[in-house]
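Listed below are the residues making up each chain.
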Amino acid sequence: MKTSLLITTLIISFFINRTNLYSEDGYRLWLRYDKVTNKSLLKSYTTQIKYLLVDNNSPTLSAVKEELQNGLTGLLGKNIPVISATKNRTVIASNYKKSKILKELSLSPEISNIPDDGYLIQTLKHKGNDIIVITSNSDVGVMYGTFEFLRLLQTQKPITNLKIISYPKIKLRILNHWDNLNRTVERGYAGFSIWDWHKLPDYIDTRYKDYARANASIGINGTVLTNVNANAWVLTHDYLLKVAALANVFRTYGIKVYLTARFSAPIEIGNLKTADPLNEDVRQWWKEKVKEIYSLIPDFGGFLVKANSEGQPGPQNYGRSHADGANMLAEALEPYGGVVMWRAFVYDNNIPEDRAKQAYNEFKPLDGKFKKNVLIQVKNGPIDFQPREPFHPLFGAMPNTPLMMEFQITQEYLGQGTHLVYLATLFKECLESDTYCKGKGSTVAKVIDGSLDNHSISGIAGVSNIGTDRNWTGHLFGQANWYAFGRLAWNHELTSEEVAEEWIRQTFSNDNEVVSKIKTIMLKSREDCVNYMTPLGLHHIMGWNHHYGPAPWIKDKHRDDWTSVYYHRADSNGIGFDRTEKGSNAVSQYYPEVAEIFSSLEKCPDEYLLWFHHLPWNYKMKSGNTLWEELCYHYYKGVEGVKETINIWKSLESKIDKDEFEHVKMLLNIQLKEAIWWRNACVLYFQTFSKMPIPNELEKPDKSLEYYMNLNFPYAPGI
Ligand code: GCV
């Protein structure tokens, strides 16, 4: 009796586990390669793709072959034989520079001029054979072309008469992991760090390869493995061996590794008494360290540095400038082709100046003082990855220095692990902002891609949202932000809509209803979030330290610039930070055309109103409402937006994998709860100053301000 019960239990659990094994858990990201559902397209694909020829072997081209075989087998539902001589209906993937076969074909002459990472995908007729060529002047370019080709099939695009030429606008397309050596992730909401330092270098988790594949598929070509709040320990020999093991996996996929350099490392692991960048022993120490790194990792990318910011050590500890610090590291890296990405995220509460102005004040005078292999990495806005910020005034202000963009993919300030917020719209808003530095049309995108000032290096970084969660990003829709970052880093001219559509088709389905409804959800999601968190230019009013939830009441801390009241400045007269000439004059850091817009009450967009102006509660808005009413309407609109999202999502139940549907549904319910919490807490708090009623037609908060102020989250994630 007992034995039969045991057997039954085992059988049942076997089937349960099997089901779990095969249900969709998000691990495959956007590289699912499921069989094409559209029958006529499938027929057309299978007629055009009969054989595969991957010319010239190299680890990268072997990976190309593997990807094409896996991808095509999945998408077409049959095996595609690999051959060595062209036949009718062959897909050829080959490096143009190395390939004999391709020289015989009449490929578009443009191929010779395509920059290294770029590719050509072309349909051709050769000796009566129909062939499709994926080529590039580099192996990794062939890989990028391969992923584009597979994307065409995944998104069910026709592949007849192809002639696609594409190359990246920005050279360094890099993920920044804020991962600590103990595997916690600062501002990480998807579990622990995927780098298993303890088991490296001997144990190579299959995730490392899948991580590299996913990044290569969207053109990301670099990864900073460690937190900018850096630990010098990663620069010790034993850890460098671990880093080298990761680099060996990533190299095949065209991804270089970078490390964060703790400025005080010469003291902490080098037994020196100082880390002064002008001290000869210190300079020599870095040179030796860099030499050691390159002996283990010949294609090491370089260092990312956070210095003299939020307690991190830096050159100013020794009375030296940021340029002195950056140039010392740049000199050590120069012989090997490495770069320094020096962050401009600096501010000091001891300086009696608007925090929004400090990075500009510090860095603008240093323009032109950096070595050629230094990039200055600037956050998109002047404060800190808020739901909405105007673009950082440094963009356009340092023409003689390559400026890199730093976006945050992880949603520290936009709902962390539980809110569906599609960030392409935020990224695009910043990239498309006009700095006017060289007249109209001098967009931030043109500053960072180097085209405006003819820089030979250019870069863009995204603070990663990746962790050990099975679906990589915690929230399934977090994957869309990783995807969007990569796609926009490759081509910032893509629209948010195009990128969303690609992602949806590859992640969920090509069904038109699914595509259009999820696109609607994604495209409005960031504005919903701004509305229920920080409408009309409000910023930095979230929970203390963990940054979870609303807390506009934060005050009297050891640093003013870490409180909320410093930013919203609400009082009985009104609300907002006066950054006009009459206030901190942060507007003066922008070019006159921009400064004029932000300064003027008539011209300043509502989106930035309270970022730049302190206005009375009864100030008449363009809509005719008072400022107080407008604020309330925005908060309530944000919540309504989430309700609408939930309804749209629910209408897709029959068309979405069950597990994924439930996963997103539960998270949306949390998002709604938290949106209401943000709305109620903020409206009640600001009402203590406005002393005005919440407009009649709006439902009143069901809890008191005191209730919200007493909420406490000692174990909120990400710190
Ligand atoms: C890595 C904000 C975050 C910090 C982060 C810092 C930075 O202040 O809250 O966690 O530190 O930005 O970008 O350096």
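Described in the following lines is the structure provided in the data block. If you're wondering where the values come from, they're calculated on a predicted model, not measured in any experiment.

Structural notes on the overall build of the protein
Secondary structure summary: the protein contains 22 helices and 15 strands in total. Taking 719 residues into account, the globule formula puts the C-alpha radius of gyration at 27 Å, and the protein, at 27 Å, falls close to it. A total of 719 residues make up the protein; the buried ones form 62% of that total. Intrachain contacts of the protein at a sequence separation of at least 6 include 72% that bridge at least 24 residues. Element-wise, carbon and sulfur atoms account for 52% of the exposed surface of the protein, whose accessible area totals about 28,100 Å². The average position of the 81 basic charges and that of the 80 acidic charges among the side chains of the protein differ by 6 Å.

Some points on the packing of helix α3 (residues 59-76) against helix α5 (residues 139-154)
Across the interface, α3 lies against α5 with an axial gap of 9 Å and an inter-helix angle of 5 degrees. Accordingly, the angle class assigned to the pair α3 and α5 is roughly parallel. Residues Thr 60, Leu 61, Ala 63, Val 64, Glu 67, Leu 68, Gly 71, Leu 72, Leu 75 and Leu 76 of α3 touch α5, and the partners they reach there are Asp 139, Val 140, Val 142, Met 143, Thr 146, Phe 147, Phe 149, Leu 150, Leu 153 and Gln 154. Across the contact of α3 with α5, the residue classes break down as 14 nonpolar, 4 polar and 2 charged.

Re the environment of Gly 459
When you line up the elements, Gly 459 lands in strand β13 (residues 459-463). A relative accessible area of 0% means that Gly 459 is categorised as buried. Setting aside chain neighbours within four positions, we find Gly 459 in contact with Ile 170, Leu 172, Leu 375, Leu 403, Met 404, Met 405 and Ile 448.

Details of the sheet that holds strand β10 (residues 339-343)
Around the barrel, which closes on itself, the 8 strands sit in the order β6-β7-β8-β9-β10-β11-β12-β13 with parallel pairing between neighbours. Each strand of the sheet is rotated relative to its neighbour by a mean of 25 degrees, with strand direction disregarded. As defined by bridge partners, strand β9 (residues 302-305) adjoins β10 across 4 bridges and the pair is classed as parallel. Paired with Leu 304 across the bridge in β10 is Met 341. The sheet strands contacting helix α7 (residues 237-251) are β7 (222-224) and β8 (256-260), and the helix crosses β8 at an angle near 150 degrees.

Here we look at the packing of aromatic side chains
Under the criterion given, the structure shown has 43 aromatic pairs. Arranged with centres 5.9 Å apart and planes meeting at 75 degrees, the rings of Phe 477 and Trp 649 form a pair that is edge-to-face. Here Trp 649 lies in helix α20 (residues 627-650) and Phe 477 lies in the loop between β13 and α14 (478-490), a separation of 172 residues in the sequence. Each member of the pair Phe 477 and Trp 649 is classed as buried. Aromatic side chains Tyr 685 and Phe 689 sit 5.3 Å apart centroid to centroid with 75 degrees between the ring planes, which places their arrangement in the edge-to-face category. Here Phe 689 and Tyr 685 lie together in helix α21 (residues 658-690), a separation of 4 residues that amounts to about one turn. By relative accessible area, Tyr 685 is classed as buried at 8%. Three or more aromatic residues joined by ring pairs form one cluster here, namely Tyr 27, Trp 30, Trp 195, Tyr 208, Tyr 211, Phe 250, Trp 472, Trp 482 and Tyr 483. Directly above the ring of Tyr 203 sits Lys 199, whose terminal nitrogen or CZ lies 5.2 Å from the centroid.

What about the sheet that holds strand β2 (residues 90-95)?
Hydrogen bonds between backbone atoms are what pair the strands of a sheet, whose relative direction is either parallel or antiparallel. The 5 strands lie next to each other as β1-β2-β4-β3-β5, forming an open sheet whose pairing is mixed. A strand with exactly one partner marks an edge of an open sheet, and here the two such strands are β1 (51-54) and β5 (163-166). Looking at each pair of strands side by side, their axes are set apart by 20 degrees on average, direction ignored. Relative to β2, β1 is paired through 4 bridges, and the arrangement is parallel. Within the sheet, the bridge partner assigned to Leu 52 lies in β2 and is Val 91. With respect to the sheet, α5 is in contact with β2, β3 (119-126), β4 (129-136) and β5, its orientation differing from that of β4 by roughly 125 degrees.

A look at the environment of Gln 671
Here Gln 671 is to be found in helix α21. Contact partners of Gln 671, with chain neighbours within four places excluded, come to Thr 418, His 419, Leu 420, Val 421, Tyr 532 and Val 642.

Structural notes on the pairing of β13
The buried count for β13 comes to 5 of 5 residues, which makes it a mostly enclosed element. Alternating residues of β13 divide into Gly 459, Ala 461 and Val 463 and Ile 460 and Gly 462, and every residue in both groups is buried. Relative to β13, strand β12 (residues 403-408) is paired through 4 bridges, and the arrangement is parallel. For Gln 408, the partnering residue across the bridge sits in β13 and is Val 463.

Some remarks on the nonpolar core
Membership of the largest hydrophobic core comes to 229 residues, with the highest contact counts inside it found for Phe 149, Phe 303 and Phe 686. Considering each element in turn, this core owes the most residues, 13 residues, to α21. The residues touching Phe 303, leaving out its near neighbours within four places in the chain, are Leu 235, Leu 259, Ala 261, Trp 286, Val 290, Ile 293, Leu 329, Leu 333, Val 339, Val 340 and Met 341. Counting residues in each nonpolar core, the second largest holds 14 residues, with Ile 83, Ile 114, Leu 124 and Ile 131 among its members.

Things to note about the site of the ligand
Near the ligand, the surroundings consist of 15 residues, among which Glu 186, Lys 306, Arg 343, Lys 379 and Glu 412 are the closest. Within the side chain of Arg 187, a nitrogen or oxygen atom sits 2.8 Å from an oxygen atom of the ligand. Between the ligand and Glu 412, the relevant distance is 2.5 Å, taken from an oxygen atom to a side-chain nitrogen or oxygen of the residue. Considering the ligand on its own, with 340 Å² of exposed area, one finds that the protein chains cover 96% of that surface.

Details of α5
The end-to-end C-alpha separation of α5 is 23 Å, in line with the 22 Å expected for 16 residues at 1.5 Å each. With respect to burial, α5 is a largely interior element, 16 of its 16 residues being buried. At the exit of α5 stands Gln 156, carrying a positive phi of roughly 55 degrees.

Regarding the pattern of salt bridges
Any two side chains of opposite charge can pair, so long as their charged atoms come close to each other. According to the stated counting rule, one finds 52 salt bridges in the structure shown. Ionic pairing is found between Glu 24 and Arg 28, a salt bridge with its closest N-O pair at 2.7 Å. Judged by relative accessible area, Arg 28 falls into the partly exposed class, the value being 32%. With a closest N to O distance of 2.9 Å, Asp 299 and Arg 251 form a salt bridge. One end of the pair, Asp 299, is in the loop between α9 (280-296) and β9; the other, Arg 251, is in helix α7, with 48 residues separating them in the sequence.

Parameters and conventions
Residues numbered from 1 in each chain as written. Predicted model: local features only at pLDDT ≥ 70, side-chain atom pairs only at ≥ 80, totals over all residues. Heavy atoms only, no water. Helix = DSSP H or I, 4+ residues; strand = E, 2+ residues; numbered from the N terminus. Rg over C-alpha atoms; globule rule 2.2 N^0.38 Å. Buried < 20%, exposed > 50% of the residue type's maximum accessible area, 1.4 Å probe, protein only. Contact = heavy atoms within 4.5 Å. Areas by Shrake-Rupley, 256 points an atom, 1.4 Å probe, with all protein chains shown as cover. Lys, Arg positive; Asp, Glu negative; His and termini not counted. Charge placed at Lys NZ, Arg CZ, Asp CG, Glu CD. Axes fitted to C-alpha atoms, helices over the stretch in contact; angles between N-to-C directions. Parallel < 35°, antiparallel > 145°, perpendicular 65-115°, else oblique. Nonpolar A, V, L, I, M, F, W, Y, C, P; charged D, E, K, R; others polar. Pairing = 2+ DSSP bridges. Phe/Tyr/Trp six-rings, centres within 6.5 Å; stacked < 30°, edge-to-face > 60°. Lys NZ or Arg CZ within 6 Å of the ring centre and 35° of its normal. Core = buried A, V, L, I, M, F, W, Y, C linked by side-chain atoms within 4.5 Å. Near = heavy atom within 4 Å. Polar contact = N/O pair within 3.5 Å; in protein donor to acceptor, adjacent residues only side chain to side chain. Expected span 1.5 Å × (residues − 1). Salt bridge = Lys/Arg side-chain N within 4 Å of Asp/Glu carboxyl O.

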